[in-house]
Amino acid sequence: MTAAFARARANIALSKYWGKCDAALNLPAVPSLSLTLDDLVTETWASVDGALDADAVTLDGSLRTGAEAATLGRFLDLVRSRCGAPPNAYLMVRSSNHFPTASGLASSASGYAALAAAASSALGASLDDAALSRLARRGSASAARSIFGGWAVLPAGVPGDDALAAQPAFDAAHWDVAMVLALADKGPKDVSSRDGMRRTVETSPYYAAWLATAPLLHAEVRAAVAARDLEAVGAAMEASALAMHASAWAARPAVRYARGATLETLDAVRTLRAQGVGAWATMDAGPHVKVLCAAADASTVSTHLAAVPGVLGTRVARPGAGVERT
Ligand code: ADP
Ligand code: DP6
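Everything numeric here is computed off the predicted structure, so don't read it as measured data.

Engineer: Is there a simple way to think about unusual backbone geometry in this case?
Structural biologist: For residues that are not glycine, phi is negative in most cases, and the peptide bond is trans in most cases. Of note, the amide linkage connecting Arg252 to Pro253 takes the cis form, showing an omega dihedral of -15°. As for its placement among the helices and strands, Pro253 is situated in the loop between α7 (230–249) and α8 (260–274). With a phi close to 55°, Asn26 is a non-glycine residue in the positive phi region. One can find Asn26 in the loop between β2 (20–22) and β3 (27–28).

What follows is the structure, given as structure tokens:
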């Protein structure tokens, strides 16, 4: 039997999503804007297999079991129902991330975008990008943005309204920028983004301040991306990341993804700016720092960051394409 194939790329948010307004429907409480990256690729094959009595998902060569398999199975139940397929049309899925999984490089974004696309194709449905984005969002909210290439916006959700999808904002050719990834750790992180944001929502005294600030920073980022104003994007992007992490640090117990190398890299980015190189940082639910700069400055930034104590290596990414299916 021929397997349906999909390729998707991770995205990094410049204005961050952190916290849900409806956990059951996986709806974000704040709007976000991201850049899909060419270097962070997931490839997924899916086929219906009549011999299975449950979905079988192999990720990076290992068959997923336990709670992770149950989560993936619930997502595939939703895909079957959206595609009008019988509940027992179980899928054999094989997926590879060409970058570290569950370490803060947004594997859940490219992973669920590719899974939504490959699984729906395997079930014989041809969903348009909005329907795919809506579906991928239920797997991981950031995945809704990876359906689109270039710059994408995921608006804040409205509790109970399952129609939310990301929207393309500007295509990959809009602006010749790069994102330099400074890798601060090898292993998977201790606390997933889902658990980290849940704990922030439930216990952080600064979560209310984050809810008030995030939409304003999002509007600033969006206007500055439209104007291709790197300095304005950079300032608002750093403010969004630091406000998100401040709300997480204030949770009980604290949700802290930054390591020593993370802070060293933030200092190095400031040094680059003092030397006249336009570079600004963002961090997600992991220790790595992602640095936005003009494409022409990417190798200078990469060389500088590779020398930071504790940085294990760098990757240079450029604006990438949306989901591809065969
Ligand atoms: P990350 O920072 O990499 O997004 P998360 O903790 O948010 O880390 O999400 C990681 C989870 O996303 C994995 O444990 C797995 O369940 C899911 N995931 C990652 N890659 C894939 C994939 N290619 N296909 C399906 N699910 C994936
Ligand atoms: C810090 O989309 O991984 O990367 O919806 O629970 O799967 P779930 O969370 P996820 O969280 C992303 C958080 C972030 C910011 C962002 O990508 O906007």
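Engineer: Where do I start with the site of ligand 1 in this structure?
Structural biologist: Of all residues adjacent to ligand 1, which total 18 residues, the nearest are Glu68, Ser95, Ser107, Lys189 and Ser193. Between an oxygen atom of ligand 1 and a main-chain N or O atom of Gly104, the distance comes to 3.0 Å. At 2.6 Å from an oxygen atom of ligand 1 is found a side-chain nitrogen or oxygen belonging to Lys189. Notes on ligand 1: free accessible area 570 Å², of which the protein chains cover 88%. Applying the majority rule of atoms within 2 Å of the grid points places ligand 1 in the largest pocket. When contributions to the shell around ligand 1 are tallied by element, the ones reaching two or more residues are α1 (66–83), β7 (91–97) and α2 (107–122). At 3 residues, α2 tops the list of elements feeding residues into the shell around ligand 1. Among the residues making up the shell around ligand 1, the classes are represented as 5 nonpolar, 11 polar and 2 charged. Taken domain by domain, the shell around ligand 1 gets at least three of its residues from each of domain 1 (4–172) and domain 2 (174–317).

Engineer: Just to check I follow, could you spell out helix α3 (residues 129–139) for this structure?
Structural biologist: Each α-helix winds once per 3.6 residues, and so residues spaced three or four apart point in a common direction. When α3 is considered as a whole, its buried residues turn out to be Ala131, Leu132, Ser133, Leu135, Ala136, Arg137 and Gly139. For α3, the elements touching its buried residues are β3, α1, α2, α4 (143–146), α5 (193–203) and β14 (324–325).

Engineer: Please explain the pairing of strand β1 (residues 4–15) as it appears in this structure.
Structural biologist: Working note: regular strand, side chains alternate between the two faces of the sheet. Of all 12 residues that make up β1, 11 are buried, and the element is covered over most of its length. Both β1 and strand β4 (residues 32–48) contribute to a ladder of 10 bridges, which runs antiparallel. For Arg7, the partnering residue across the bridge sits in β4 and is Glu43. Looking at chain direction, β1 and β14 are connected through 2 bridges and run antiparallel. Note on β14: the bridge partner recorded for Ala6 is Arg325.

Engineer: So what exactly am I meant to see when it comes to the site of ligand 2 here?
Structural biologist: Residues in close proximity to ligand 2 total 17 residues, the closest being Lys20, Ser140, Ser142, Arg145 and Arg194. Taking Lys20, its side chain carries an N or O atom lying 2.5 Å from an oxygen atom of ligand 2. Between Arg145 and ligand 2, the recorded distance is 2.7 Å, taken from a side-chain N or O atom to an oxygen atom. Protein burial of ligand 2: of its 460 Å² of free accessible surface, 94% is covered by the chains. Examining the composition of the shell around ligand 2, we find that 3 residues originate from one element, α5, more than from any other. Summarising the domain contributions, the shell around ligand 2 has at least three residues from each of domain 1 (4–172) and domain 2 (174–317).

Engineer: How should I be thinking about the side chain of Arg145 in this particular structure?
Structural biologist: Mapped onto the fold, Arg145 is located in helix α4. Summary of buried charges: Arg145 has no salt-bridge partner, and the nearest side chain of opposite charge, Asp284, is 6.4 Å away. Among all residues touching Arg145, those that are not within four sequence positions of it are Asn11, Ala13, Tyr17, Ser32, Ser34, Thr36, Ala152, Leu154 and Ala166.

Definitions and cut-offs
Numbers given to residues run from 1 along each chain, matching the order in which its sequence is written. Labels are handed out in written order, letters beginning with A for the chains and numbers beginning with 1 for the ligands. Residue-level local features of this predicted model are given only where pLDDT is at least 70; pairs of side-chain atoms are given and counted only at 80 or more, and the full residue set underlies all totals for whole chains, interfaces and linings. Side-chain numbers here rest on the full set of heavy atoms in the structure, without hydrogens or water. Runs of E in the DSSP output that reach at least two residues are strands. Runs of H or I that reach at least four are helices, and both are numbered from the N terminus. In this text, near means that some heavy atom of the residue lies within 4 Å of the molecule or strand in question. For the purposes of these results, a polar contact is taken to be a pair of N or O atoms within 3.5 Å, where, inside protein, one atom must be able to donate a hydrogen and its partner to accept one; residues adjacent in sequence count only when each atom of the pair is a side-chain atom. Note that accessible areas follow from Shrake-Rupley with a 1.4 Å probe, and for residues the cover is restricted to the protein chains shown. Lining residues are defined by having an atom within 4 Å of a point belonging to a cavity or pocket. Those points lie on a 1 Å grid over the protein atoms alone, cavities being sets where a 1.4 Å probe fits but cannot get out and pockets being open sets with protein on both sides within 12 Å along at least five of seven lines. A molecule is counted as occupying a cavity or pocket when more than half of its atoms fall within 2 Å of that pocket's grid points. Amino acids are sorted into nonpolar (Ala, Val, Leu, Ile, Met, Phe, Trp, Tyr, Cys and Pro), charged (Asp, Glu, Lys and Arg) and polar (every other residue, Gly among them). Note that the domain bounds reflect an automated or database-derived domain assignment. Three labels apply to residues, based on accessible area from a 1.4 Å probe with only protein chains included: buried if under 20% of the type maximum, exposed if over 50%, partly exposed otherwise in between. Only heavy atoms matter for contacts: two residues are in contact if any of them lie within 4.5 Å across the pair. Paired strands are those between which DSSP finds at least two bridges. Positive charge is attributed to Lys and Arg, negative charge to Asp and Glu, and no charge count is given to His or to the chain ends. The term salt bridge refers to a pairing of a side-chain nitrogen on Lys or Arg with a carboxyl oxygen on Asp or Glu at a separation within 4 Å.

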